[in-house]
2 protein chains.
Amino acid sequence: MTVTLADVAARARVSPATVSRVLNGNYPVAADTRERVLRAVDELDYVLNGPASSLAAATSDLVGILVNDIADPFFGIMAGAAQTEISGPGGSARAGCEKLAVICNTEGSPERELTYLTLLQRQRAAAVVLTGGALEDPGHIAAMSAKLGKLARAGTTVVLCGRPPMPDGDQVLATLAFDNRGGARRLTEHLLGLGHRRIGYVAGPPERTTTRHRLEGHRAALLAAGIDEPQDRLTVHGSYARSSGYTATVELLAREPGLTAVLAANDTVALGVCAALREKGLRIPEDVSVAGFDDLPFAVDTWPALTTVRLPLAEAGARAGRLVMGKEAAPVGGRVGVEGELVVRGSTGVRR
Amino acid sequence: MTVTLADVAARARVSPATVSRVLNGNYPVAADTRERVLRAVDELDYVLNGPASSLAAATSDLVGILVNDIADPFFGIMAGAAQTEISGPGGSARAGCEKLAVICNTEGSPERELTYLTLLQRQRAAAVVLTGGALEDPGHIAAMSAKLGKLARAGTTVVLCGRPPMPDGDQVLATLAFDNRGGARRLTEHLLGLGHRRIGYVAGPPERTTTRHRLEGHRAALLAAGIDEPQDRLTVHGSYARSSGYTATVELLAREPGLTAVLAANDTVALGVCAALREKGLRIPEDVSVAGFDDLPFAVDTWPALTTVRLPLAEAGARAGRLVMGKEAAPVGGRVGVEGELVVRGSTGVRR
DNA sequence: TTGAAAGCGCTACCAC
DNA sequence: GTGGTAGCGCTTTCAA
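Residues numbered from 1 in each chain as written. Chains lettered and ligands numbered in written order. Predicted model: local features only at pLDDT ≥ 70, side-chain atom pairs only at ≥ 80, totals over all residues. Heavy atoms only, no water.

- Under an unreviewed UniProt entry, chain A has the name LacI family transcriptional regulator and belongs to Streptomyces inusitatus.

### A word on the protein's contact with DNA strand D
- Around DNA strand D, 26 residues are found, and the nearest of them are A:Thr18, A:Thr33, B:Leu5, B:Ser20 and B:Tyr46.
- Here a base nitrogen of DNA strand D and a side-chain polar atom of A:Arg21 are 2.7 Å apart.
- Looking at the surface near DNA strand D, the elements with two or more residues in it are helix H2 (16–24) and helix H4 (50–57) of chain A together with helix H2 (16–24) and helix H4 (50–57) of chain B.
- Sorting elements by how many residues they give to the surface near DNA strand D places H4(B) first, with five residues.
- Counted by class, the surface near DNA strand D contains 15 nonpolar, eight polar and three charged residues. (Near = heavy atom within 4 Å. Polar contact = N/O pair within 3.5 Å; in protein donor to acceptor, adjacent residues only side chain to side chain. Helix = DSSP H or I, 4+ residues; strand = E, 2+ residues; numbered from the N terminus. Nonpolar A, V, L, I, M, F, W, Y, C, P; charged D, E, K, R; others polar.)

### Re the environment of B:Ala152
- Note that B:Ala152 resides in helix H7 (residues 138–153).
- Owing to a relative accessible area of 28%, B:Ala152 belongs among the partly exposed residues under this scheme. (Buried < 20%, exposed > 50% of the residue type's maximum accessible area, 1.4 Å probe, protein only.)

### Regarding the interface of chain B and chain A
- Taken together, the 59 residues of chain B in the interface contact 59 residues of chain A.
- Both faces combined, the contact of chain B with chain A buries some 5,200 Å², and carbon together with sulfur accounts for 57% of it.
- Linking chain B to chain A there are two salt bridges.
- Residue A:Asp45 is joined to B:Lys150 by a salt bridge in which the shortest nitrogen-to-oxygen separation is 2.6 Å.
- For the pair chain B and chain A, the interface holds 19 residue pairs in polar contact (both at pLDDT 80 or more).
- When contributions to the side of chain B that touches chain A are tallied by element, the ones reaching two or more residues are H4, helix H5 (73–87), strand E2 (100–105), helix H6 (110–122), helix H11 (267–279) and helix H12 (297–302) of chain B.
- For the side of chain B that touches chain A, a count of residues per class yields 26 nonpolar, 19 polar and 14 charged. (Contact = heavy atoms within 4.5 Å. Buried area = accessible area lost by both parts, 1.4 Å probe. Salt bridge = Lys/Arg side-chain N within 4 Å of Asp/Glu carboxyl O.)

### Let's talk about the domain arrangement of chain A
- If you check the domain split of chain A, you get domain 1 (1–56) and domain 2 (180–310).
- Computed over C-alpha atoms, the centres of domain 1 of chain A and domain 2 of chain A are 59 Å apart. (Domains from an automatic or database assignment.)

### A short note on the protein's contact with DNA strand C
- Looking at DNA strand C, there are 26 residues lining it, with A:Leu5, A:Ser20, A:Tyr46, B:Arg21 and B:Thr33 nearest.
- Considering the 4 Å shell around the protein, atoms of DNA strand C inside it are sugar or phosphate in 67% of instances.
- Interatomic distance of 2.4 Å between a backbone N/O atom of A:Leu5 and a phosphate oxygen of DNA strand C.
- B:Ser15 is positioned with one of its backbone polar atoms (N or O) 2.8 Å from a phosphate oxygen of DNA strand C.
- When residues of the surface near DNA strand C are traced back to their parent elements, those giving at least two are H2 and H4 of chain A together with H2 and H4 of chain B.
- Top element by residues in the surface near DNA strand C is H4(A). It accounts for five residues.
- A per-class count over the surface near DNA strand C returns 15 nonpolar, nine polar and two charged.

### Overview of the pairing of E2(B)
All names here are of chain B.
- Counting buried positions along E2 gives six out of six residues, so the element sits mostly inside the fold.
- Residues of E2 alternate between two faces, with Leu-100, Val-102 and Cys-104 on one and Ala-101, Ile-103 and Asn-105 on the opposite face, all of them buried.
- As paired elements, strand E1 (residues 62–67) and E2 share six bridges and run parallel to each other. Within E2, the residue paired with Val-63 across the bridge is Ala-101. (Pairing = 2+ DSSP bridges.)

### Digging into the UniProt feature "domain: HTH lacI-type" (unreviewed entry) in chain A
- In this numbering, the UniProt entry assigns the feature "domain: HTH lacI-type" (unreviewed entry) to residues 3–57 of chain A.
- Taken end to end, residues 3–57 of chain A is 71% helix and 0% strand, and its first and last C-alpha atoms sit 20 Å apart. (UniProt positions renumbered as here; feature names shortened; annotations may be inferred.)

### Observations regarding the sheet that holds strand E7 (residues 235–237) of chain B
Residues and elements named next belong to chain B.
- Read across the open sheet, the four strands follow the order E7-E6-E8-E9; overall the sheet is parallel. Each end of this open sheet is capped by a strand with a single partner; those strands are E7 and strand E9 (289–291). Direction aside, neighbouring strands of the sheet carry axes that sit 15 degrees apart on average.
- Inspection of the sheet shows strand E6 (residues 199–203) paired to strand E8 (residues 261–264) by four bridges, in the parallel sense. (Axes fitted to C-alpha atoms, helices over the stretch in contact; angles between N-to-C directions.)

### Examining the sheet that holds strand E9 (residues 289–291) of chain A
All names here are of chain A.
- Spatial ordering of the open sheet is given by E7-E6-E8-E9, a layout of four strands whose pairing is parallel. Bordering the open sheet on either side are strand E7 (235–237) and E9, each of which pairs with just one other strand. Taking the axes of each pair of neighbouring strands and ignoring which way they run, one obtains an average angle of 15 degrees across the sheet.
- Sheet analysis places strand E8 (residues 261–264) next to E9, joined by three bridges and oriented parallel. Looking at the pairing, Val-262 lines up with Val-290 of E9.

### Brief notes about the pattern of salt bridges
All names here are of chain A.
- This structure, assessed with the given rule, holds 36 salt bridges over all chains.
- Here Glu-189 ties to Arg-185 by a salt bridge, and the two come within 2.9 Å at their closest N and O atoms. In this pair, Glu-189 and Arg-185 both sit in helix H8 (residues 180–193), four residues apart, roughly one turn of the helix.
- Since its relative accessible area comes to 36%, Glu-189 is described here as partly exposed.
- Measuring nitrogen to oxygen at the nearest pair gives 2.7 Å for the salt bridge that ties Glu-251 to Arg-255. Placement of the pair is Glu-251 and Arg-255 together in helix H10 (residues 242–255), with a separation of four residues, close to one helical turn.
- Each of Glu-85, Arg-319, Arg-322, Lys-327 and Glu-328 takes part in salt bridges that share partners, so that together they form one network.

### Digging into helix H9 (residues 209–224) of chain B
Residues and elements named next belong to chain B.
- With 16 residues, H9 should reach 22 Å at 1.5 Å per residue; the first-to-last C-alpha distance of 22 Å fits that figure.
- Within the span of H9, buried status applies to Thr-209, Thr-210, Thr-211, His-213, Arg-214, Leu-215, Gly-217, His-218, Arg-219, Ala-221 and Leu-222.
- Turning to H9, the residues buried within the fold contact helix H8 (180–193), E6, E7 and E8. (Expected span 1.5 Å × (residues − 1).)

### Considering the packing of helix H5 (residues 73–87) of chain A against helix H13 (residues 313–325) of chain A
Residues and elements named next belong to chain A.
- The contact between H5 and H13 brings their axes to 7 Å, and the two run at 35 degrees. Our pair here, H5 against H13, has a crossing hand that is right-handed. Two secondary-structure elements touch here, H5 through Phe-74, Ile-77, Met-78, Ala-81, Ala-82, Glu-85 and Ile-86 and H13 through Leu-313, Ala-314, Gly-317, Ala-318, Gly-321, Arg-322, Val-324 and Met-325.
- Split by residue class, the contact of H5 with H13 holds 11 nonpolar, two polar and two charged. (Left-handed = near helix turned anticlockwise from the far one by under 90°.)

### Observations concerning helix H7 (residues 138–153) of chain A
All names here are of chain A.
- If you check H7, its first and last C-alpha atoms are 22 Å apart, about what 16 residues at 1.5 Å a residue would give, namely 22 Å.
- Where H7 is concerned, the buried positions are His-140, Met-144, Ser-145, Lys-147, Leu-148, Gly-149 and Leu-151.
- The inward-facing, buried residues of H7 abut helix H6 (110–122), strand E3 (127–131) and strand E4 (157–161).

Listed below in structure tokens is the structure:
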């Protein structure tokens, strides 16, 4: 029923081996022979059997990109950039050397993260890219470390993108980490510089690395400015979702009606903050300054007054893709910091 | 080096066939035998070889979800919902029956769309879900039709989600289509009902089905209201991006300074419209009403004055996933309309 | 209920 | 440069 390599060989009057060589293009073949084979492929409308090929070669062209939440453009931008770089410019279908870059949505669930890695391991994936903040649970870290080690030993390239390094990172080819601490610190310093003293902080889920790092940066800035009131009072944790920003802001205003600024752990959350403030009749930035993280495109157009750290999401994704493809050399030690740029928009004054 | 099924068999003192049966769970095996096998699997930390399995069984557990732009939450929401439904609730790694649902980002390129389908065909994918508007180029439609036909004949389930039916759709299991015409019509009627007569329209790329359908709905409403000025004058085409909404609005205001409302082909574009209007010193909705499509979450919190059609993205995605998994019956004839709901927010007045 | 063995379609090694 | 061919690791009859 389906056309096999042997059929092509028969039609082109060559051996299966030759057809394989032509298709993989990694072996010298006479020009006219190649021509004949290619014609036979076309005429028979032959499509390589991936599983058979992977089985024989003990590798596949699958590359998995894991993200925490694909509905969030933070991940969409990174994953899209990585995928573009990996799939190549034109998506040249013929050469046989193209990879199938594919996005896997873990929904932030540790089990699903491991499950996807197992599934990719099953498929003998060529590479795996892990993006975004990691869970800090010791058990999960150990499991991940073990799993990534197995993958690496089985020949799968592992790249971390916008994600902190693994505790014992030698199973990882390279890590592209964002400077979450520094970004949060600069953001807070900016608000302090404007004269703000009562700054609320909407943090992410407690168990994620990004949450902790950003919060640390925030507190470091506060401490340096001599603000030493009980740290927890103006910090509220929530998920990385709009609704969380909304709820947290209501809570913060209840705790401290004299709030003059709110810092959100990411842009999506910042929009929820804005919504809550607007509903309370407070104006941005006249009454309350809001600062986000990420610099997502929709936030840019929407709230010109929102100060953010512009994380180079697309660039990080593209670099991850290039690392996977070997187009970019892995750094010595495997770790690269990817700093964000502080973006100040509009005038963010202090309520008098 | 790597553990194989034979190793497991040896350790469990059974034949490879029995191990296979235990792992696939679709065959009667004595309880204690199964127990022994499972223990051996655990002890040896065995991971099934996907390619070998796929080769022997002539199918794989790969499901591809194609999207036009993964950085756009429109697709992120649909794809995420589909993936969740397909990967199952807990992502039960053991059962062996779980699918690997992966997202492929075509970037709206017809070549990449076909390339991805070929790659998935190579992998003998169990199913393919195509999402979002399709290209109307006859050549591409023919190529897609042929490709999908081959996939279907090779046993791959094909589901269309938020995408119009194929011209000759019998290669497709089911189509979940949005009512783009009706939605645009209702949106326009709403603005007309408020008294607007000079309504700008920011359309998507000319060659996409969603663009044409939404535009048709818009014009039908205008026509019904007796507005018959040259249709092109207040319509500007662009990509489905914010920047496009911005540019188009500047252009529209130049053509017709007396504009009182703008309808955007999707929410992302609508945000660009808002940005341009704000920059021009026009207030929303006092001066100009803006209407979008999609009802993306970030637009909800951001512009409470934005009127949109709430497309059931997550629901459509989830249903597509269920269709793939056979948890939901495919409709007779394969086509299902998924209607949007008109959402009116804030007061959208008319400039006097 | 279990085992033996014949492939699945391709790659890669070894001859020629 | 090209052909022959032995596996790759699993599934699935067919027998027992």
